[in-house]
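Below, each chain spelled out in residue letters.
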Amino acid sequence: MNTRDGGSLRPLYLPERMRDGGYTRRLVLWAVLFVVTILVALCLLVGVIAMNLRQQAMQRAETEARGLALAVTDSVARTVQLVDGALQLTARRLAESGGGDPERVIAHLYEELAFAPHLRQIVITDPDGTVLHDSAGRAGARLDVSDYVERMRTVGGMLQIGPVHQGRFLGQPDLTGQMVIPMTRVVTGDGGAPVAVVVAAINQHYFRASFEELATREGGRVALYLHDGSLLAASGGGHDWRQAAHSTREPFSERLRRAEFGEFVTDQPDGVARVTAYRMTHVWPLVITVGLATTVIEAEWMAEAASMAFPAALVGAVVLLMAVALVRVMVARAREEKALAVASRALVSVGEGIIITEARRDNRIVYANPAFEAITGYALADVFGRNPRLLHGDDRDQPNLAEVRESIEARRPVTTTLRNYRKDGRCYWAEVTITPVRDDHGEVTHFVGIQRDITRQKEDDAQRRGLIDELIAATAKLQRFAFVASHELLQPIVSVQGFATLLGKVLPRPLAAEGEEALAELEGAATRARQMVGGLREYFQVSASDEPFTDVDCGDMVRTILAEISDTVAACAAAVEVRDLPVVRANAGQLRLVWRKLIDNALKFRHPGAAPHVVIGARAVSGTWLMYVEDDGIGVPAERHEDIFDLLRRLHGSDYPGLGLGLPTCRAVVERHGGRIWVTARSGGGSVFQFTIPGAGIRPGEP
Amino acid sequence: MTTKLREEVSILIVEDDPGHARLLEIAIRRLGLDNPLVKIARGDEAMRYLGLQGHAPAAAAEPPLVLLDLNLPGKSGFEVLRALRAEEAHRHPVIVMTSSDDVEDRRRCHEIGCDDYLIKPPDEDELVASLSRLGLIATKGPDR
């Protein structure tokens, strides 16, 4: 829509997609979608990476646990091997000596085990449990070795480990909290019969200490079990040594059957979930588990993930903020656009033709709406870049065009009527409004021209005026006709009167039967007819008269009338008071008629036998003169106040004979002058006839 | 019976309605006046007859009594009256006989200068009084 670039002049157009107001709305939706997608992708990425890291952490933990398990197993194995070695030797020696001289064997044994600091006690018994030698010095006591012997019989002659014995020394349970792990070998003689049992008690604490050292990581746990799941030694505290073997516990339930070593994650007896590596030794029935607490692993993992997620979140936040700002701007824009869309739709929809011109470029047309084309026949393409004066064709000297030019020069809005010409040359009347459009600095940049085709209206108006003129002419004609007709009607009536009277004079008397009556009726009827026609003639003469208005001195007029009827006045001894009367602008003849009639009536309708008192005067009422004729006669009944001025009522009824058409004629005259006439009852009897002559141009209060 | 009008005086009735003209004629005759009587129905004809407005006058040396209706074809009664009074040479006695009792008409006629203004149909007594006032006849004896 930029038309400000130097050379090219482009038309104003309102693109379809913006016109419906949905363009920016769609942009907003896309923008929102885009940002949401980015954020979601970011989240997913962070999530995936985090999961990956966790996976890696777990694997690292497993590897670590496995390594530890290996190390522990080696260590345990060495220890056990050491002990087992010594025990084997002892067992062989005992077997060789036939169980004879245990002391010597023991001395050897001690030699062998000189460097076994974990060894707490060595006990040698005979198969039924009698202690032959006890390093802890309780010879002669008994030790229950039946289990060992039994097992030897079923499983074979190998090192037997456990169960854990609570107490410092075998054979003497005490509850100091110290425990020993017995390792037993049953010595067999020839034929496989047991001859002695050698038990070495290993300080459980020895294992525990080394386990503790290994399980340096918080939550880590190293444990040593027998194959059947009974616990021998473990790092950490809180173990219940009296518990039986837990074959339901991992790895004892399934895993050991499948593999000798492996890893698993599970809750362990102390309730902590751990990544655990286990290892089994075949040589001895031992299982070592090394567990690393998942919480610790996860904590480490989360720290790592956070260090990665934090910057990602920062980026995400920035993106979100920017997106929000952008969306807000776009939403505002969408709102504006919607308003603009409505405005542009309005321009396209209205029935008035609208053009927009550029003020600085000779008012070239840059926009024309569809209605303009409908009215003028010119499309935007036809008029684009041209001045609107093309609409006037050759008709440049129209009177209103000068006004238009002036207003445009003066940057003033103007409304006027012009003759315009359609593209096909047809002329039409246009009501045109031209309005300047200002920019932010108050400079006029464009003009908007709005036009309506008022040809029909003008034609209708002209037609209406024509009809009204015709009507007025017809009415006037009718009234003139009535006037003339009434005069014409008079002629035969006059003849009838004349000849009737003549008959009365020339006919020989006495007349035949109803002759006199007939004559009388004839004369009477003729007289009445004459009166009626005379009255009508006078009435229609009012409208037929075209005498101009002049300044009429009512005082003079009334006094003249009184002089003319002085005989009548004297005859009824009337007292007539004439007050100050104004000069008014009126048809003198007609006004005289009114005064004459009112005065005549005032005298005529007096109380019989009484001298009438008549007052004639005037007063100013809001710029018009109100004249009155007041009498103290017989008055007019209230219900007749309207009737007596009504022409039709007067023609029809005869209840006020002698009144004739005088009052309707007075009303015709007064109304012709733009005034009103009416009668009111006078307090004290009689009537007050009042009439107004407006527009006299005299200020109230002036005489 | 009334005395006749002076013999030389002719009577001119200017009236377009034949019935009215006849009534007037009868009334005059019934008064006993047998002066020559001319009836003219048009205003312009009347003016020609009277020698008004450049026309050569008709025969009579003595100006006739003019009984003038107001509503005439050609020229109206007012115009005839005005023309009559404009030419001072012709001092005709004019009695306006009209069906109109319009006070305006009466006033105008008197303004222009009629000698009397009577309302049709002609009343014999009024006619006598008027002629008498004009000095054209003298009443003698009682009326019928």
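## Remarks on the overall build of chain B
Along the backbone of chain B there are five helices and five strands. Seen in sequence order, chain B has helices and strands lined up from the N terminus as β-α-β-α-β-α-β-α-β-α. Per-residue burial for chain B yields a buried fraction of 51% across its 144 residues. Relative to all contacts within chain B whose residues are 6 or more apart in sequence, the contacts with residues 24 or more apart total 67%.

## Examining the sheet that holds strand β15 (residues 427–438) of chain A
Strands in a sheet are paired, the pairing made by backbone hydrogen bonds, and the direction either parallel or antiparallel. All names here are of chain A. In space, the five strands of this open sheet follow the order β13-β12-β16-β15-β14, with antiparallel pairing throughout. The open sheet has two edge strands, β13 (364–368) and β14 (414–421), and neither has a second partner. The average angle at which neighbouring strand axes cross in this sheet is 30°, direction not considered. For strand β12 (residues 353–358) and strand β16 (residues 444–453), the ladder comprises six bridges, and the chain directions are antiparallel. Residue pairing in the sheet places Glu358 in a bridge with His446 of β16. Its contacts with the sheet place helix α10 (residues 399–409) against β14, β15 and β16, and it is angled at close to 130° to β14.

## With respect to the interface of chain B and chain A
Between chain B and chain A, the residue contacts involve 22 residues of the former and 17 residues of the latter. Of the roughly 1600 Å² buried where chain B meets chain A, counting both sides, 52% is carbon and sulfur surface. Among the residues of chain B in contact with chain A, Leu23, Ser99 and Pro121 of chain B are the three that bury the most area, contributing 26% of the side total. Counting every contact that joins chain B to chain A gives one salt bridge. The interface formed by chain B and chain A contains six residue pairs in polar contact (both at pLDDT 80 or more). The dominant element in the side of chain B that touches chain A, judged by the number of residues it contributes, is helix α1 (residues 18–30) of chain B, at six residues. A class-by-class count of the residues in the side of chain B that touches chain A yields five nonpolar, six polar and eleven charged.

## Structural notes on unusual backbone geometry
Looking along the chain, the bond that leaves Arg509 of chain A and enters Pro510 of chain A is cis, with omega of -5°. The residue Pro510 of chain A is located in the loop between α11 (455–506) and α12 (515–544) in this model. A cis geometry characterises the amide bond from Lys120 of chain B onward to Pro121 of chain B, with omega recorded as -5°. Positive phi outside glycine occurs at Arg411 of chain A, with the angle close to 55°. Mapped onto the secondary structure, Arg411 of chain A falls in the loop between α10 and β14. Since its relative accessible area comes to 31%, Arg411 of chain A is described here as partly exposed.

## A look at the pattern of salt bridges
Tallying each qualifying case throughout the model produces 32 salt bridges over all chains. In this structure, Arg422 of chain A engages Asp424 of chain A in a salt bridge whose closest nitrogen and oxygen atoms are separated by 3.7 Å. Residue Arg422 of chain A is classed as buried on the basis of its relative accessible area, which comes to 18%. In this structure Asp424 of chain A comes out as exposed when scored by relative accessible area, which is 57%. Taken together, the salt bridges that share partners define one network made up of Lys505 of chain A together with Arg30 and Glu124 of chain B.

## Structural notes on a positive patch on the surface
All names here are of chain A. Taken together, Arg25, Arg26, Lys338 and Arg345 make up a surface patch of like positive charges. Listing elements by their share of the positive patch, those giving two or more residues are α2 (23–97) and α7 (294–349). Tracing the backbone shows Arg345 in helix α7. The partly exposed category is assigned to Arg345, whose relative accessible area is 39%.

## Some points on the nonpolar core
Residue and element names in this part refer to chain A. Of all hydrophobic cores here, the largest spans 49 residues; its most connected members are Ile161, Leu224 and Leu286. In terms of residue count, α2 provides more of this core than any other element does, 16 residues in total. Non-local contacts of Leu224, meaning those with residues more than four positions away in its chain, are made with Val76, Phe207, Phe211, Ser230, Leu231, Leu232, Ala233, Leu286, Val287 and Ile288. Membership of the second largest hydrophobic core comes to 40 residues, among which are Leu562, Val670, Phe689 and Phe691.

## Re helix α5 (residues 204–214) of chain A
Residue and element names in this part refer to chain A. When α5 is considered as a whole, its buried residues turn out to be Gln204, Phe207 and Phe211. Projection of α5 onto a plane perpendicular to its axis shows the buried side chains occupying an angular sector of 70°, all on one side. The N-cap residue of α5 is Asn203: its side-chain oxygen and the backbone nitrogen of His205 are 3.0 Å apart.

## Notes on a nonpolar patch on the surface
A cluster of nonpolar side chains, contributed by Val32, Val36, Val40 and Leu44 of chain A, occupies part of the molecular surface with about 320 Å² of accessible area. Relative to the helices and strands, Leu44 of chain A is located in helix α2.

## Examining the sheet that holds strand β10 (residues 273–281) of chain A
Residue and element names in this part refer to chain A. The sheet built from five strands is open, its strands ordered β8-β7-β11-β10-β9 with antiparallel pairing. Two strands lie at the open edges of the sheet, namely β8 (231–234) and β9 (261–267), each paired on one side alone. The sheet shows a mean angle of 25° between the axes of neighbouring strands, direction not considered. Contacts from α5 reach β7 (221–226) and β8, with the element oriented near 50° to β8.

## Focus on the packing of α12 of chain A against helix α17 (residues 662–672) of chain A
All names here are of chain A. Look at α12 against α17: their axes get within 9 Å of each other, and the N-to-C directions meet at 5°. What the angle tells us is that α12 and α17 run roughly parallel. On α17, the residues touching Gly535, Glu538, Tyr539, Val542 and Ser543 of α12 are Pro664, Thr665, Ala668, Val669 and Arg672. For the contact of α12 with α17, the class distribution of residues is five nonpolar, three polar and two charged.

## Focus: the pairing of strand β6 (residues 194–203) of chain A
Residue and element names in this part refer to chain A. Extensive coverage of β6 is indicated by the burial of nine of its ten residues. In this structure, strand β1 (residues 119–125) lies alongside β6, joined through six bridges in antiparallel fashion. Among the inter-strand pairings, Gln121 is bridged to a residue of β6, identified as Ala201. Examined bridge by bridge, strand β5 (residues 179–188) and β6 share nine bridges and lie antiparallel to one another. The residue of β6 that forms the bridge with Thr188 is Pro194. In this structure, the hairpin formed by β5 and β6 is closed by a connection of five residues, where Gly191 is found at a positive phi of approximately 85°.

## Quick word on the confidence of the model for chain A
Reading predicted coordinates in detail is not appropriate for stretches of low pLDDT. Residue and element names in this part refer to chain A. Of all residues in chain A, 89% attain a pLDDT of 70 or more, and the chain-wide mean is 83. Below pLDDT 50 for its whole length, residues 1–8 participates in nine contacts with residues either more than four positions away or in separate chains. Predicted confidence for residues 697–703 stays below pLDDT 50, and this span has eight contacts to residues more than four positions away or in other chains.

## Considering the confidence of the model for chain B
Of the residues in chain B, 80% have a pLDDT of 70 or more, and the chain-wide mean is 82. Here the predicted complex carries an ipTM of 0.88, next to a pTM of 0.48.

## Overview of helix α4 (residues 146–155) of chain A
Residues and elements named next belong to chain A. Along α4, the residues classified as buried are Tyr148, Val149 and Met152. Relative to the axis of α4, the buried residues are bounded by an arc of 100° and lie together on one face. Of the exposed residues in α4, the ones pointing more than 90 degrees away from its buried face are Asp147, Arg153, Thr154 and Val155. On its buried face, α4 sits against β3 (160–161), β5 and β6. One or two positions beyond α4, positive phi appears at Gly156, with a value near 125°.

Rules used throughout
Residues numbered from 1 in each chain as written. Chains lettered and ligands numbered in written order. Predicted model: local features only at pLDDT ≥ 70, side-chain atom pairs only at ≥ 80, totals over all residues. Heavy atoms only, no water. Helix = DSSP H or I, 4+ residues; strand = E, 2+ residues; numbered from the N terminus. Buried < 20%, exposed > 50% of the residue type's maximum accessible area, 1.4 Å probe, protein only. Contact = heavy atoms within 4.5 Å. Pairing = 2+ DSSP bridges. Axes fitted to C-alpha atoms, helices over the stretch in contact; angles between N-to-C directions. Buried area = accessible area lost by both parts, 1.4 Å probe. Salt bridge = Lys/Arg side-chain N within 4 Å of Asp/Glu carboxyl O. Polar contact = N/O pair within 3.5 Å; in protein donor to acceptor, adjacent residues only side chain to side chain. Nonpolar A, V, L, I, M, F, W, Y, C, P; charged D, E, K, R; others polar. Patch = residues over 30% accessible without salt bridge, like charges linked within 9 Å, V, L, I, M, F, W, Y side chains within 5 Å. Areas by Shrake-Rupley, 256 points an atom, 1.4 Å probe, with all protein chains shown as cover. Lys, Arg positive; Asp, Glu negative; His and termini not counted. Charge placed at Lys NZ, Arg CZ, Asp CG, Glu CD. Core = buried A, V, L, I, M, F, W, Y, C linked by side-chain atoms within 4.5 Å. Arc of directions from axis to C-beta. Parallel < 35°, antiparallel > 145°, perpendicular 65-115°, else oblique. pLDDT = per-residue confidence, 0-100.

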